[in-house]
Amino acid sequence: MNATQTNPTETPSYERDFLLELYRHLVLIREFEERVKFLFLEGTMPGTIHQCQGQEATATGVCAALNDDDFITSTFRGHGHALAKGLTVQEMMDELFGASTGCAKGKGGSMHMGNMEKGMIPAIAIVAGGVPLAAGIALAFKMKKTKQVAGCFFGDGAVAEGAFHEGVNMAAIWDLPVVFVCENNLYGASTHVSKVMKNTTISDRAASYGFRGETVDGNDVLAVFESAKKAVAQCRAGEGPVLLELLTYRRTGHSRRDPCHYQAKDEREQWFSRDPIDRFAEVLTGEYAIAPDELAAIKSSVDQEITEAIEAAQKAPQPTLDDLLEDVFA
Ligand SMILES: Cc1ncc(C[n+]2csc(CCOP(=O)(O)OP(=O)(O)O)c2C)c(N)n1
Ligand SMILES: [Mg+2]
């Protein structure tokens, strides 16, 4: 996605196409997840899923600030990151159906989406596992002087892990070009952040490692984009890393059939009223005078793309026994 800002004054203004592309990505992630949820619950899709409805603006805003050849690491909740980094609906849907045409040849499934050509390391389901990996990727960029940046997505649950400390500290001492992106959705599985940390302002932790941290409204795609753009520029200038804490909320269960009973009704209502897609649609139709019909057309075309991808994925070839020992270290 071309991050196009026409007027670099205090109030940024954006190209219409750029705004609509952001909107398309938000809707694409939401609709992809909703369709996958249905396929999973009706028993058509194998495996398990961790979904990101409600968190679409974090992936979209951050990836819009990255170049195609920058890399991201992701988590078990990685569908949104993958779509935002440019993986196609088809290669992801194929992967979810275990087809050999999937982005991991059907051997990774939901928790290991990735495509090296598109700058996404196959996602890692170990909580905080991507943090030291991102530091390593960024070390390679720095040693090769490529000016590429690593974007590292993880949840609030990752910051109390040892791997977080080790990875972030290494990035700090070597000024590595990593944007650490904490999607703080208030819960690690069913546990509220207040039960696992005294200081719930996660961006504060950056100071203890000696670099900049910032807390951002993670349900405001333009706010996320602006903060990510600044962080990426800092990294490219050799002044990284940066820690972004994006405040957001997961609308669905942690995984599978989790009904979210631990999320209080008023808390859910409050966050649902700040839905990232509804809010951005309001900005587009209000401030940027984009016709609601145009937004509806984007949703229809996204729905069509997903429908076609599901049909194709269900007919796609499955790996054979001969594929079993391909792409494994031995
Ligand atoms: C090291 C490790 N411990 C435990 C788990 C089991 N587990 C999977 S997801 C999860 C919660 C993670 O919460 P958070 O980091 O906030 O991410 P979110 O699910 O909110 O996106 C846990 C404990 C794991 N995958 N890895
Ligand atoms: Mg969380």
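About the criteria used
Residues numbered from 1 in each chain as written. Chains lettered and ligands numbered in written order. Predicted model: local features only at pLDDT ≥ 70, side-chain atom pairs only at ≥ 80, totals over all residues. Heavy atoms only, no water. Axes fitted to C-alpha atoms, helices over the stretch in contact; angles between N-to-C directions. Helix = DSSP H or I, 4+ residues; strand = E, 2+ residues; numbered from the N terminus. Parallel < 35°, antiparallel > 145°, perpendicular 65-115°, else oblique. Left-handed = near helix turned anticlockwise from the far one by under 90°. Contact = heavy atoms within 4.5 Å. Nonpolar A, V, L, I, M, F, W, Y, C, P; charged D, E, K, R; others polar. Disulfide = S-S within 2.5 Å. Buried < 20%, exposed > 50% of the residue type's maximum accessible area, 1.4 Å probe, protein only. Lys, Arg positive; Asp, Glu negative; His and termini not counted. Salt bridge = Lys/Arg side-chain N within 4 Å of Asp/Glu carboxyl O. Polar contact = N/O pair within 3.5 Å; in protein donor to acceptor, adjacent residues only side chain to side chain. Pairing = 2+ DSSP bridges. Right-handed = clockwise from strand over helix to strand, strands pointing away. Donors = N, O, S within 2.8 Å, 3.2 Å for Na, K, Ca; no water. Core = buried A, V, L, I, M, F, W, Y, C linked by side-chain atoms within 4.5 Å. Near = heavy atom within 4 Å. Areas by Shrake-Rupley, 256 points an atom, 1.4 Å probe, with all protein chains shown as cover.

S.K.: Teacher, can you tell me more about the packing of helix α1 (residues 16–41) against helix α11 (residues 292–315) here?
M.R.: One way to put it is that α1 packs onto α11 with a least axis distance of 9 Å and a crossing angle of 45 degrees. By the angle between their axes, α1 is oblique relative to α11. For the pair α1 and α11, the sense of crossing is right-handed. When α1 is examined against α11, the residues Arg-16, Leu-20, Tyr-23, Arg-24, Val-27, Leu-28, Glu-31, Phe-32, Arg-35 and Leu-39 are found in contact with a partner set consisting of Glu-294, Leu-295, Ile-298, Lys-299, Val-302, Asp-303, Glu-305, Ile-306, Thr-307 and Ile-310. Residues belonging to the contact of α1 with α11 are distributed by class as follows: eleven nonpolar, one polar and eight charged.

S.K.: For this particular structure, what's the right way to read the state of the cysteines?
M.R.: What we call a disulfide is simply a covalent bond connecting the sulfur atoms of a pair of cysteines. Tallied over the full model, the rule gives zero disulfides. Residue Cys-103 stays outside any disulfide, its sulfur separated by 14 Å from that of Cys-63, the closest cysteine. Cysteine Cys-182 is unpaired, with the sulfur of Cys-152 as its nearest cysteine sulfur at 9.8 Å.

S.K.: Please explain the side chain of Asp-156 as it appears in this structure.
M.R.: You can see Asp-156 is positioned in the loop between β2 (150–155) and α6 (162–173). It is Arg-250 that comes nearest to the buried, bridge-free Asp-156 among opposite-charge side chains, at 7.8 Å. Only 3.2 Å separates the side chain of Asp-156 from the backbone nitrogen of Asn-185, close enough to count as a polar contact. Once residues within four sequence positions are removed from consideration, Asp-156 is found in contact with Cys-182, Glu-183, Asn-184, Asn-185, Leu-186, Tyr-187, Gly-188, Val-193, Met-197 and Ile-202.

S.K.: Would you take a moment to explain the pairing of β2 for this structure?
M.R.: Regular strands place their side chains on alternate faces of the sheet. For β2, the tally of buried residues reaches five of six residues, placing the bulk of the element in the interior. Relative to strand β3 (residues 178–184), β2 is paired through six bridges, and the arrangement is parallel. The partner of Ala-150 across the bridge, within β3, is Val-178. In this fold, the crossover linking β2 to β3 by way of α6 has right-handed handedness.

S.K.: How should I be thinking about the coordination of the magnesium ion (ligand 2) in this particular structure?
M.R.: Octahedral six-donor coordination of a metal ideally yields angles of 90 or 180 degrees, compared with 109.5 degrees for tetrahedral four-donor coordination. Every protein donor of the magnesium ion (ligand 2) is accounted for by Asp-156 (OD), Asn-185 (OD1) and Tyr-187 (O), and the metal-donor separations fall at 2.1 to 2.2 Å. Ordering the donors of the magnesium ion (ligand 2) by residue number gives the pattern D-x28-N-x1-Y. Of the two residues, Asp-156 sits in the loop between β2 and α6 while Asn-185 sits in the loop between β3 and β4 (187–188), which places them 29 residues apart along the sequence. Exposure remark for Asp-156: the relative accessible area of 3% places this residue in the buried category. Asn-185 gets classed as buried once you look at its relative accessible area, which sits at 6%.

S.K.: Quick question: what am I supposed to make of the nonpolar core here?
M.R.: Note on soluble globular proteins: their nonpolar side chains tend to be buried together. If you look at the biggest cluster of nonpolar residues, it comprises 66 residues, and the most contacted ones within it are Tyr-23, Phe-32, Met-93 and Phe-280. If you tally residues by element for this core, the top one is α1, at 13 residues. Contact partners of Met-93, with chain neighbours within four places excluded, come to Phe-32, Val-36, Met-45, Ile-306, Ala-309, Ile-310 and Ala-313. In terms of nonpolar packing, the next biggest core, distinct from the first, is built from 33 residues, Ala-138, Ala-150, Cys-152 and Val-168 among them.

S.K.: What is the right way to look at the packing of helix α2 (residues 56–64) against helix α8 (residues 221–236) in this model?
M.R.: The description of two helices packed together rests on the angle between their axes and the distance between the axes. Axis separation between α2 and α8 bottoms out at 8 Å; the angle between their running directions is 40 degrees. It follows that α2 is oblique to α8 by the angle criterion. In terms of crossing hand, the pair formed by α2 and α8 is right-handed. Contacts from Ala-57, Thr-58, Thr-60, Gly-61, Val-62 and Ala-64 in α2 reach Val-221, Val-224, Phe-225 and Ala-228 in α8. For the contact of α2 with α8, a count of residues per class yields seven nonpolar, three polar and no charged.

S.K.: Help me understand the sheet that holds strand β1 (residues 71–73) in this model?
M.R.: Strand pairing within a sheet occurs via backbone hydrogen bonds; the two strands may be parallel or antiparallel. Taken together, five strands build an open sheet; the order of strands is β1-β2-β3-β7-β6 and the sheet is parallel. The open sheet is flanked by β1 and β6 (212–217), the only strands paired with a single partner. Across the sheet, the mean angle separating the axes of adjacent strands is 20 degrees when strand polarity is ignored. Both β1 and β2 contribute to a ladder of three bridges, which runs parallel. Of the residues in β2, the one forming a bridge with Phe-71 is Ala-150.

S.K.: Is there a simple way to explain the pattern of salt bridges in this structure?
M.R.: Side chains carrying opposite charge are able to pair once their charged atoms draw close together. In the structure shown here, the tally under the stated rule is 15 salt bridges. As a salt-bridge pair, Glu-56 and Arg-30 come within 2.4 Å of each other at their nearest N and O atoms. In this pair, Glu-56 is assigned in helix α2 and Arg-30 in helix α1, connecting sequence segments 26 residues apart. Accessibility expressed as a relative area gives 0% for Glu-56, which makes it buried.

S.K.: Got a minute to help me understand the site of ligand 1 in this structure?
M.R.: As a matter of local geometry, ligand 1 sits amid 15 residues, with Arg-77, Ala-125, Gly-157, Asn-185 and Tyr-187 nearest to it. The backbone of Ala-125 places a nitrogen or oxygen atom 3.0 Å from a nitrogen atom of ligand 1. Gly-157 places a main-chain nitrogen or oxygen 2.9 Å from an oxygen atom of ligand 1. Summarising the interface, the protein chains cover 69% of the accessible area of ligand 1, which totals 590 Å² for the free molecule. When its residues are assigned to classes, the shell around ligand 1 shows seven nonpolar, five polar and three charged.

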